[in-house]
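One letter stands for each residue in the lines below.
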Amino acid sequence: MTLRRIRALRPVRPLSLATLLAIAGGFQVPPGSLLAQGQGELRGAAELGVLLRQLDGVKRVLMIGAHPDDEDTSLLATLARAWGVETAYLSLTRGEGGQNLIGPELAEGLGIVRTGELMAARSVDGGRQFFTRAMDFGYSKRAEETLSVWLPEKLLWDVVWVVRRFRPQVIVSVFTGTPADGHGQHQAAGILAQQAFSVAADPGRFPEQFAHGVGPWRVMKLYRAAWRDPGSATSTVQTGKYDPLLGRSHFQIAMESRSQHRSQDMGVAQPLGPQSSGLVLLKSRVEGVESILARTEPDVRDAGLLAGVDTSITSLAGLLPPGTGGQVRGYLEAYRQEIQTARRAFPSMVAPGGPACALSRALNSLDQAVLASVAAVGEHAEPSVTLQARRRKLEKALVLATGVVVDVRASDDLVVPGETFRVDVEVWNGGPVSLSDVQAVLPLPPGAEARPTEPPRLLGRFAILRGEVQTPTSDRYVDVSWSEHAVGDTREIEPGGFERWSFLVRLGRDGPLSRLYYLGQERDGAMYRWPESPDLWALPRDPAVLEARVNLAPGSGATAGEACAGEIRTGSGPLSLYREVEFRGVDKAEGEYRKPVLAVPEVSVEIDAEGMVWPRDLRTSRLVTVTVGGYAEEGVSGTIRLEAPGEWKVEPSSLPFSLGGPGVTGIFRFEIAPTGELSTGRFVLRAVATTDSGVEYREKVSIIDYEHIQRTLLFERAEATVSVFPVRVAEGLRVGYVMGSGDAGLEALRHLGLEPEPLGPAALEAGDLGGFDVIVLGVRAYETRPDLVAYNERLLGFARNGGTIIAQYNKHEYALGGFAPYPVSMSRPAERVSLESAPVRVLDPESPIFNTPNRITAEDFDGWVQERGLYFLSEWDDRYAPLLAMADPEEEPKRGSLLVARVGKGLYVYTGLSFFRQFPAGVPGAYRLFANLVSARSGDWTTPAGPPRR
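Residues numbered from 1 in each chain as written. Predicted model: local features only at pLDDT ≥ 70, side-chain atom pairs only at ≥ 80, totals over all residues. Heavy atoms only, no water.

Attention now moves to helix 13 (residues 355-377). A rise of 1.5 Å per residue sets the reference length of helix 13, with its 23 residues, at 33 Å; its end C-alpha atoms lie 32 Å apart and thus fit the reference within 8%. The element helix 13 is extensively covered by neighbouring structure, given that 17 of its 23 residues are classed as buried. Within two residues after helix 13, Gly-378 carries a phi angle of roughly 90 degrees, on the positive side. (Helix = DSSP H or I, 4+ residues; strand = E, 2+ residues; numbered from the N terminus. Expected span 1.5 Å × (residues − 1). Buried < 20%, exposed > 50% of the residue type's maximum accessible area, 1.4 Å probe, protein only.)

Bringing the packing of helix 5 (residues 73-82) against helix 6 (residues 107-125) into the picture now. Two quantities define a packed helix pair, namely the angle between the axes and the distance from one axis to the other. Between helix 5 and helix 6, the least distance of the axes is 9 Å, while the angle of their chain directions is 45 degrees. If you check the angle between helix 5 and helix 6, you find them oblique. Of the residues in helix 6, those in contact with Thr-73, Leu-76, Ala-77, Ala-80 and Arg-81 of helix 5 are Arg-122, Ser-123, Val-124 and Asp-125. (Axes fitted to C-alpha atoms, helices over the stretch in contact; angles between N-to-C directions. Parallel < 35°, antiparallel > 145°, perpendicular 65-115°, else oblique. Contact = heavy atoms within 4.5 Å.)

This paragraph deals with the packing of helix 7 (residues 143-150) against helix 9 (residues 184-199). Interhelical geometry of helix 7 versus helix 9 gives an angle of 75 degrees and a closest axis separation of 7 Å. In terms of orientation, helix 7 lies roughly perpendicular with respect to helix 9. Listed contacts from helix 9 to Ala-143, Thr-146, Leu-147 and Trp-150 of helix 7 are Gly-184, Gln-185, Gln-187, Ala-188, Ile-191 and Leu-192.

Further remarks concern the environment of Ile-493. Here Ile-493 lies in strand 18 (residues 491-493). Ignoring sequence-local partners within four residues, the contact set of Ile-493 consists of Val-427, Asn-429, Ser-434, Leu-435, Val-438, Phe-498, Glu-499 and Trp-501.

Once that is clear, we can look at the sheet that holds strand 5 (residues 221-225). An order of 3-2-1-4-5-9-6 is seen for the 7 strands of this open sheet, with the pairing classed as mixed. Either end of the sheet is taken by a strand with one partner, and the two such strands are strand 3 (128-131) and strand 6 (235-238). The mean angle between the axes of side-by-side strands here comes to 30 degrees, regardless of whether they run parallel or antiparallel. Both strand 1 (residues 60-65) and strand 2 (residues 86-91) contribute to a ladder of 6 bridges, which runs parallel. Across the sheet, residue Leu-62 finds its bridge partner in strand 2, namely Ala-88. (Pairing = 2+ DSSP bridges.)

This brings us to the pattern of salt bridges. Taken as a whole and judged by the stated rule, the model has 54 salt bridges. For Arg-248, the salt bridge goes to Glu-256, with nearest N and O atoms at 2.5 Å. Overall, the relative accessible area of 22% leaves Arg-248 in the partly exposed class. What makes Glu-256 partly exposed here is its relative accessible area of 21%. Each of Asp-407, Glu-582, Arg-584, Glu-592 and Arg-594 takes part in a single network of salt bridges with overlapping partners. (Salt bridge = Lys/Arg side-chain N within 4 Å of Asp/Glu carboxyl O.)

Once that is clear, we can look at the environment of Tyr-331. Note that Tyr-331 resides in helix 12 (residues 322-345). With relative accessibility at 23%, the residue Tyr-331 sits in the partly exposed group. Along the chain, Tyr-331 and Ala-317 lie 14 residues apart, while their C-alpha atoms are 9.7 Å from each other. If we ignore the near neighbours within four places in the chain, the residues touching Tyr-331 are Ser-365, Gln-368 and Ala-369.

For the protein, per-residue confidence averages 87 on the pLDDT scale, and 88% of positions sit at 70 or higher. Mean pLDDT across the elements of the protein bottoms out in helix 1 (residues 3-8) (28) and peaks in strand 4 (residues 170-173) (98). Across residues 1-40, confidence stays below pLDDT 50; counting only partners more than four residues off in sequence or on other chains, it has 100 contacts. In this model, residues 557-563 is a region of pLDDT below 50 whose contacts with residues beyond four sequence positions or in other chains number 10 contacts. (pLDDT = per-residue confidence, 0-100.)

In structure tokens, the structure reads:
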């Protein structure tokens, strides 16, 4: 997305008083996006009460960690909800390298899920969320390894960018930057947080950032979390205090925030009672803390997180020239007095004499301070940026205090550029003050058009949410042409009144799709590429497709200097409210739900087998399935073809498709076969849909949609890689498969030419397991399949009767639950080998596992991705035979990655090897070894006399 397009998403205003007052502070993002962060779960009095806590003072704290779920949510919640601190969490990555408990997404798809979970968490605990360009490439054990992959100078650039834009007085590093942090990415986060403390203040470092509206920034204090060593804390924040405004403690709120990390199995209880977060002061620019940093005494403590930092809003006046500073200080003193008056008047929200009167006077004083500051030092200097951001927050509080409610909805949630849909803007005056000059405005992206139209019909109390676009009948809307500006008429709304403005909107045919900005270009290794525009840098996602603005003027007669007796008037013009345009639907079982409006292409193309394995000796043809999905309201037709390299023939050459409307899909099958003898290697198939109008589509559009996160699109090339290599599997195998979490094993077995049968609860409880030769358990199956836990003994009976069981990696509940046939244990943390190229030693080269039907050699461990394996066993009964030894650099060999035991007449295999990562990547050696595992038979097995258990 270009700089021009991003800027065009904002309201267009001349350089006037309104412009100076409405510029968003901090990150220069569209206004609604800025204030939407950190207020998601609060409404009414609770939301106003928290805002009132934030309006007096300038307090900003930035927490820095490596992944989603690293953050101390209890500290974030306490600072944001109770202390009135602007808080933010900077996660170096989006968690792409982890596992997924709730669905199939991995890599970039998992990053989208975990980004959504962080946003959901911040909406609960009140913080904001930022990211660097780093992609989580998987577990590492050393900071040196991590930073060699991430390019440390670029990553430091990103961290410093966030510090200079967010401008915190305090940084809290989650990690120490030492091996005590465990994960190498944790260590890197601790190192970078400490470096950024110094570098952000240095005008000689990354000066190119200054062209984008930032300057050097001096952080006053650097802390680290003391969660690993609470006795070292120099400061403690009580997080378990009861908050009567919110009805629970901030720790309880934090645990709700923590539970948003569902893909990571992070659901937790919300306990009552005292709780605390400990912090260790590492660096300070505050005078008088030298003894604390030197730790000359074991119990030396600092006076508190923000102690010694001038957080008063009047301190901003000291950053202005002498001739202006005194004047601005006077305005800010008046502002502070009115905020205190408003806080005393709370919670009489919308009553005459309530907080609205004081807030309106505070707004007038703040406006004067903003104008004077911008005139003196410009809009990008710290005083101006902070005051402008404060105005937006105060404006929001004033609207809440007057009881005004604004809602905006669209008639559709998935919109194809060029199609027409309706947007309704609703304003309800729930307070006692009349509203004048109320106007709805839709700032449009480039190429879009709109026009006012008649509001939807009402049936009783319920509006028609979907249906045909109605022809305008009111005189007010007759002959209104399409325009690049969507501006409604001006109205008055009396107390208790309700008004609705409706627009027909048509996005430009060449307009941008809802493609995440950081996925718009190819990665630079494990670093994403950001767009040219700095507007989006470090943000979680792109702005909404559409955002509405409502201008209004509360009151009808009082002026800024009067007593406000029940009527409110701001001296600087109308207030502006911003709302993201959302689709609002109704599920008859669960009620109302909301979805963001997303711009989608008219056609999505998907090759069902994204990574195909082709045994080199296979001479028969195979079917490749291509799915074409339509989003166009009027339907779409054209042809679909499968492009293949010259070594392959494809029949038919193309097929026609016709999709009748949105949500309609077509399934098309192509037969592929080699034209001659194939060589070992990789070949790419590409699916291409061409519409009757000549437009080509070559991408799969996945809608990642879980109830706890915001729906998001993932665009991927409609391609499949065919990996050709020699591999054989025992003939006639009957395979049962117990699906786990994020599991690719079922499809991998199909690539090998098998027809595995998924086993559900009924099959495990009472099915004829004797009809199978082998049963494979998917990754983390004992965590995600309670039926497997319940019927595990029946499964072991299958092995005793002569079957083979292959248990892929599980977490600690596997060993603790006693699910293996003989005793095993798993250390904490579990052993793993994170270096994908770590040397592997075969302990028993003559074992059938390495000889039948494929001869496994050292070459089969080449080309593995992300890691060798995880959750290895650490100890085991003598009846298990370890078959492999491997280790990360400078570590002792680990033998718990692959173990086999005879169980009665059958075999039992446990493997922590990361087959689930190798299968989608088409790694030949992983397939060949797995083919040997499923082909293993107890009659061929003899327990080796090799190394015993460790």
